[in-house]
Every structure is written in structure tokens, then in C-alpha cells.
Amino acid sequence: MIGKEMEIDSVKVESSLWIGNKRYKASLRGWYFSWTEVDKRNREKKTVSVPVSEVIGVKEGRVEIQPRKKLEDSDLDFTLFYVKRSRRGNTRGTLWSLGRTQFCCPSRDVRDQWITQLRTALQTHSPSRPHRLLVFINPFGGKKRGKQIYHSLVSPLFELAGISCHVVVTERANQARDYILKKDLTGFDGVVCVGGDGMFSELLHGVIGRTQQEAGVSEHDPTVMLQPCDLRIGIIPAGSTDCVCFASVGVNDPVTSALHIIIGDSQPLDVCSVHHKSTLMKYSVSMVGYGFYGDVLAESERHRWMGPLRYDYSGCMVYLCNRNYAGVVQYLPADSHVSSPRDNTRCLAGCRVCSESKERLFPHFDSSSSLYSANLSQVSSELEGEWVTIEGKFKCVSLTCMSSSCPRSPSGLSPSAHLADGTVDLILVRETNPLGFLTYLHRHTTTQDQFDLPFVEVHRVKAVRFFLPPGEEEEEEYEEEIQSSSERVSEDPDKLHNGDIANAQSKTTSQHCLAGQKERDTVKSARRKKRSFVCGPCCTKPPSVSVWNCDGEILPHTEILCRVHGQLVRLFARGIEDSTGA
């Protein structure tokens, strides 16, 4: 052990190098490559030190990558590319860019020695870097700039780092999910989406589904401990909403995200599974919201022609309706001694709470092997404990596995939520007057505590159940829609649902899980297409039941069970870096 430490600390290469007309004393020592300016009297001045783990590449000659590739061959020069940090405006996150320095050596032998040692150190200190990636580009998301962003900003960086990519430009919804579930992924070190939160959700469902399929685990059983996923997911933000990227990196910047992927960063992420009876409906990492957030999404679907403006319009209209919904919420509290949603902490890179949660989440894990390659399938004890019941009328009921921050709401839905502590924050906004609710919404855009209101409560939990109180029937709101759509839907929705349960119990693979999905989507669309979530003076009976918004998609059922699966997937990220040190 001492010998290894001495080897790491020893100087591998040291010599004088020139940058322009200035002489520098350069050294490769252990984990860092440093160069210090030296004046004519051999007095040392400013030192620049770059971690070897953040070196992107080393090239012979004088090389430029941006704005366009340029190579000037030279026997004495080499170019070092590395991560350079800066800040953008008042964002909490740190912006990464490609740093570039050209060094001139006294001889070709010295240059070759530097290049060899730097590349060897790169392999030694960065074993988790990806070599081959599967990239999915959504050409329709956001401002429809996905392909341009990838080819102009991301692809040159991957090429510089020696990463080979297989690129798939998607042509339909769920194409990326189906590809991951069905195709041979041998040799890929990760999957990357160029798009928004919707595209990320496809990769999330594909990676989790494939992992459970290969492990023989039923995704439909909420009591089962799901197998952690070995394939990492990268996000290149190019959508209309990039909440997951912003909450895990701190900025929505394609170059920053690409550099995190290149250096092989790995950030565990909690995932919430949403079940109805014995069927898995969706996975969520951001928000599952009922009431206001569900109504806004449902109403916005009626105004897709408005583009992104439909969300602002629908939000305003739904707010003016001032609706409340009756419901029963049951939750299983998490250990309050570990963390609290009101402790005013932030989940940043190297978060202590998240790093210490691994042993608690995986008590039977053998530390001598990789968590994400070991088979951990077993019955989970996470749903055991004393459940707490709350009944009443709510403006909104929200669950989030992360802060859910975004440029409009820099602190997010729950500022102290953690990315990988195995908990979800439950936020209950009870019935209140319009001004009070507006105050709650406005505080999301400021630094004020949105939970410091008498009608708001927040709980850190492991699981949540929601159902309608006696007398409220989920289906009665849809009777007219079901009848009006009977010509298009030949099967009864309940029979269709029961058929799905039987199928799920007999076959555990995700391919079979997807069987009948199109029929369910048809039923869901038919049942909700004519339902308006905006009620005004002409509305005789406001809806008594809302819908669930699950990461931007409407769930087909109101009564659900949500449970969190700690550190189920990994992102090519490291969490939000503390920008004060940038």
C-alpha cells in the first residue's frame, strides 16, 4: 500500500515547456498535471493545475476543435484539452467549457514522453470513462435543434475524447425505449439522449425495463426490490423542458453535459415507481402531481397549437378556477434523523447524505463487487412500517425525488430534496384562498420558503398511497366520454385493465409489459379528450376529480401507489457543483 502511494506521489515527468514566448515549469505528479510560469530570474509565478481525471485529450501538434477543427503539425508541440469552469449569470451551477493549451517542448523526444505519460495517466486515473455510446436524438423536441446541437457542439468533443457513437435519430414516440428494450446493447458503456425530459423518460423506462427483464424481476410488484441498472444515462439538453438535467448538473448547457459524459462522471439517482393496483404505470424522477399541476397539463393538451405558450396560458386559466379536490393521502415516513425537507441543506456534488445512504439502501450488498452488476432482487422491506393518513381537500398533491429545479424556479419544488437518498418529498397544499395559493406559487421563483405557509406541509417519505374518499367515484367523471368513444374503442376499459394484470403476472419481461399499451393509450385518450379542466361562469358542475401529472404525462388512473427505489439508475453527472468555488 505504501509503495502504491509513493508511486502516485512520485514525479513521472518534469521539464521546461513554452506557451507562446513564456517559459513554464511543468510536472505530472500523481493525480495532477501542473505548469508554473518562470521569469528570466527563475522566479515562479502563477500555477495552473488540472486534475488528470478532467483531461479530455492530448494531441500531437497544434490542434483546434472549436469553432472548427484545425490541425497544424509540429514535431515539438502538443495540445492539451481539459475542463474549464466558469459561471453563467446568477445560476447556482457551474458552466463547463473546453480548455485548450498548446505546449512547445525542447525536443521531439520530450514531447513524445509527455504525450505518452499523459495518456497513460488518463487511462490509470479514469477507468470509468465510456468508450462507446448509444445516442438518441429527438429532432422534434424544444426548438427542433437537437441534430444541430449534437453535430456542432457534442460530436466533436466525443471524437476528441476517442468515444465512438452509434446515433439514432428518432421518428416516433417511444422509439428509443423500444430500441433499448429489444436490441443488442453489447459493447455500449451508456445511452445518451439529445432532447428534453420526455426523451430522458424514454431512456429511463428502457434501461430500467431491460435490467429487470434480464434479472427476472417483475416491475409490476411494488414490494420487490428492483435491480439497480448498470447502463449509465447521459442527457444533452435540447428540449422545451430540461428539468432532470438542470437538477442534476445545475445548468442546461450541451457542452457542460457532454464533458460530464466524457470524463465518466457517475451520479446515482432515485426513481419513483407509480402503480395502480397490480400494474406499473410509470417511472418518475422529477414530479408526480395531482390537482393544480395535473389540471394545467391536461388543459395544455387542448391548446397544443399554442406551442410552449400553452403552459402559461393553461396555468393562468386553471389558477383562476380556484379548484380543490378531495382525497386521502397515506404515506410511510422516512427516517427524520437522516435528513429533513426543512433542514435548508442543498444536495450538491459529493453530497454526504446521498453517499451515506448506500449502506442503508442495500444492506445485503457485498462491497467487494459492483452494486450495479450484482443481482440484488429480493422482497423489499421499504413498505413496512406505520403509515400516516391525511384526508381533506387539496389544491395540489406533489411528490418529487429531486429538487425539480429549473431556470424559472432555481430552487425547485423542494429545495432540500436529495438525488440519491432513497426518499421522496411529499408536498400537500390544502384548500386556501386564491391569494394564498398565488403566494405559494410565487415563492417558487424567489428565495423565500414556500413551505412556510399555514396551508402547506411537506414530508420526507418512502412511499405514498392516494385514493378518493368514500362517495367519490373515479369513473363517474368519464361516463360520457367512454360512451362517446365506444365506436372507436371496442374493449371495455376494465376488461382491458384486468387483461393487463393477468399478462403481467404471467410474464415479467418489459416487452410483455408493453403489450396492450396502445390499447390503454387509446382508451385514456378517448376518456379524457373532451374533458375540460377550465370551468367558468358557464360551468354548472366543476370536475370533482383531477388527474396525475407524471413527469409531463397524464396517468390514466387516480388511485395510485408510489414508492421510491433508491439509487436505481446512474447519470453521467456528479450533482450540482458549488459555484462559489468556480
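Residues numbered from 1 in each chain as written. Predicted model: local features only at pLDDT ≥ 70, side-chain atom pairs only at ≥ 80, totals over all residues. Heavy atoms only, no water.

The name given to the protein chain in an unreviewed UniProt entry is Ceramide kinase, with the source organism recorded as Triplophysa tibetana.

Quick look at helix H10 (residues 352-361) now. Residues separated by three or four positions in an α-helix point in the same direction, a consequence of the helix having 3.6 residues per turn. When we look at burial in H10, the residues that qualify are Val 353, Cys 354, Ser 357 and Leu 361. Relative to the axis of H10, the buried residues are bounded by an arc of 85 degrees and lie together on one face. Facing away from the buried side of H10 by over 90 degrees, the exposed positions are Arg 352 and Glu 359. Among the structural elements, strand S13 (224-225) and strand S25 (560-571) are those in contact with the buried residues of H10. (Buried < 20%, exposed > 50% of the residue type's maximum accessible area, 1.4 Å probe, protein only. Helix = DSSP H or I, 4+ residues; strand = E, 2+ residues; numbered from the N terminus. Arc of directions from axis to C-beta. Contact = heavy atoms within 4.5 Å.)

Moving on, we get to the side chain of Gln 330. On the secondary structure map, Gln 330 appears in strand S18 (residues 325-333). Note on Gln 330: relative accessible area 16%, which makes it buried. Separated by 3.2 Å, the side chains of Gln 330 and Thr 389 make a polar contact. Other than its neighbours up to four places away in sequence, Gln 330 contacts Trp 387, Val 388, Thr 389, Ala 463, Val 464, Arg 465 and Phe 467. (Polar contact = N/O pair within 3.5 Å; in protein donor to acceptor, adjacent residues only side chain to side chain.)

Most of strand S3 (residues 32-38) sits inside the fold, with six of its seven residues counted as buried. Taken together, the seven bridges between strand S2 (residues 22-29) and S3 define a ladder with antiparallel strand orientation. Bridge pairing links Arg 29 to Tyr 32 in S3. Taking the residues between adjacent antiparallel strands as the criterion, S2 and S3 are bridged by two residues, where Gly 30 takes a positive phi near 60 degrees. Across six bridges, the pairing between S3 and strand S4 (residues 44-51) is antiparallel. (Pairing = 2+ DSSP bridges.)

Moving on, we get to the pattern of salt bridges. Under the criterion given, the structure shown has 28 salt bridges. Of the charged contacts in the structure, one is a salt bridge between Arg 304 and Glu 301, with a shortest N-O distance of 2.9 Å. The partly exposed category is assigned to Arg 304, whose relative accessible area is 47%. Under the relative-accessibility criterion, Glu 301 is labelled partly exposed at 36%. A salt bridge links Arg 342 to Asp 449; the shortest N-O distance between them is 2.8 Å. Within this pair, whereas Arg 342 is found in the loop between S18 and H10, its partner Asp 449 is found in the loop between helix H11 (434-443) and strand S22 (456-467), the two being separated by 107 residues in sequence. (Salt bridge = Lys/Arg side-chain N within 4 Å of Asp/Glu carboxyl O.)

Grouped together as the largest cluster of nonpolar side chains are 46 residues, with contacts concentrated most on Phe 136 and Phe 200. With seven residues, the single largest contributor to this core is helix H5 (residues 197-215). If you look at the next biggest cluster of nonpolar residues, it comprises 28 residues, including Ile 65, Leu 157, Leu 160 and Ile 262. (Core = buried A, V, L, I, M, F, W, Y, C linked by side-chain atoms within 4.5 Å.)

Moving on to the packing of helix H8 (residues 292-300) against helix H9 (residues 309-321). Each pair of packed helices can be described by the angle between their axes along with the distance between the axes. Where H8 meets H9, the closest approach of the two axes is 8 Å, and the angle between their N-to-C directions is 125 degrees. Judged on the interaxial angle alone, H9 and H8 are oblique. Where H8 crosses over H9, the handedness of that crossing is right-handed. Residues Phe 292, Asp 295, Val 296, Glu 299 and Ser 300 of H8 pack against Arg 310, Tyr 311, Ser 314, Gly 315, Val 318 and Tyr 319 of H9. (Axes fitted to C-alpha atoms, helices over the stretch in contact; angles between N-to-C directions. Parallel < 35°, antiparallel > 145°, perpendicular 65-115°, else oblique. Left-handed = near helix turned anticlockwise from the far one by under 90°.)

Evaluated as defined, the whole model comprises zero disulfides. Cys 104 forms no disulfide, and the closest cysteine sulfur to it belongs to Cys 105, at a distance of 6.6 Å. By relative accessible area, which is 24% here, Cys 104 ends up partly exposed. Cysteine Cys 347 shares no disulfide, and the gap to the nearest cysteine sulfur, in Cys 354, comes to 3.6 Å. (Disulfide = S-S within 2.5 Å.)

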